[in-house]
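Survey of secondary and tertiary structure
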Amino acid sequence: MLKESVEDALNEQINAELYSSYVYLSMAAYYEGEGLPGFASWMRSQSDEEHEHAMRLYEFVHDRDGRVTLSGIDSPPTEWSSPADAFETAYEHEVEITEMIDDLVALAREANDNATENMLQWFVAEQVEEEATAQAILDKLKHVGDDGPGLLMIDQELGQRGSEGADDEAEVGELGE
Ligand code: OFO
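Let me sum up the structure you'll find in this document.

Rules used throughout
Residues numbered from 1 in each chain as written. Predicted model: local features only at pLDDT ≥ 70, side-chain atom pairs only at ≥ 80, totals over all residues. Heavy atoms only, no water. Patch = residues over 30% accessible without salt bridge, like charges linked within 9 Å, V, L, I, M, F, W, Y side chains within 5 Å. Areas by Shrake-Rupley, 256 points an atom, 1.4 Å probe, with all protein chains shown as cover. Salt bridge = Lys/Arg side-chain N within 4 Å of Asp/Glu carboxyl O. Lys, Arg positive; Asp, Glu negative; His and termini not counted. Charge placed at Lys NZ, Arg CZ, Asp CG, Glu CD. Helix = DSSP H or I, 4+ residues; strand = E, 2+ residues; numbered from the N terminus. Buried < 20%, exposed > 50% of the residue type's maximum accessible area, 1.4 Å probe, protein only. Phe/Tyr/Trp six-rings, centres within 6.5 Å; stacked < 30°, edge-to-face > 60°. Lys NZ or Arg CZ within 6 Å of the ring centre and 35° of its normal.

1. Examining a negative patch on the surface
- A contiguous patch of negative charge, built from E92, E96, E99, D102 and D103, is present on the exposed surface.
- By secondary structure assignment, the location of E99 is in helix α3 (residues 83-110).
- The partly exposed category is assigned to E99, whose relative accessible area is 48%.

If you want it as structure tokens, here you go:
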């Protein structure tokens, strides 16, 4: 049985994960408009992954006999000044989500809710990866600057995420090397 304070915070996190999904979908649309299909496809995969994060929390709340209550999702930004600017936003967004997860862990500890704390450890590890991946791609974008061919090379690389037979995480991981 979930304590009310933990249930409320988990519902808030479900909303934050759905907002993340919305932000990345908005970025996908931006990259489509910029003629960068690889970036767009990467962002669509990221958007799907965020939806899965929300559902992971959804399942957990129900498993603990809690009640999921959905609330309005804020409008995401729709325009960025450059491909790198959008990734800068993605990176900063992930840093904020990490802070939210850390606050949730602290709340679960305070409530002596070991099951929630244990479940959240998956998100703690996931956030390390999310931040590192966004940072690695952002670094690459900063290196290529305004170099068109360099940008197209990254676009091609990002387009491989989730391609048939490829390991999704490995594909992303390679971008950080
Ligand atoms: Fe759900 O990890 Fe990003 O936001």
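Let's pick the thread back up.
2. Concerning the packing of aromatic side chains
- According to the stated counting rule, one finds seven aromatic pairs in the structure shown.
- A ring pair is formed by Y31 and F87, whose centres lie 6.4 Å apart and whose planes are at 40°; its orientation type is tilted. Within this pair, whereas Y31 is found in helix α1 (residues 4-33), its partner F87 is found in helix α3, the two being separated by 56 residues in sequence.
- Residues W42 and F87 carry aromatic rings whose centres are separated by 5.3 Å and whose planes lie at 55° to one another, so their mutual orientation is tilted. Here F87 lies in helix α3 and W42 lies in helix α2 (residues 37-63), a separation of 45 residues in the sequence. Taken as a pair, W42 and F87 share a single burial class, namely buried.
- An aromatic cluster is present here, built from Y30, Y31, F39, W42, W80 and F87 joined pairwise through their rings.
- Lying over the aromatic face of W122, R56 brings its terminal NZ or CZ to 3.6 Å of the ring centre.
- The positively charged end of R161 is found above the aromatic ring belonging to W42, 4.6 Å away from the centroid.

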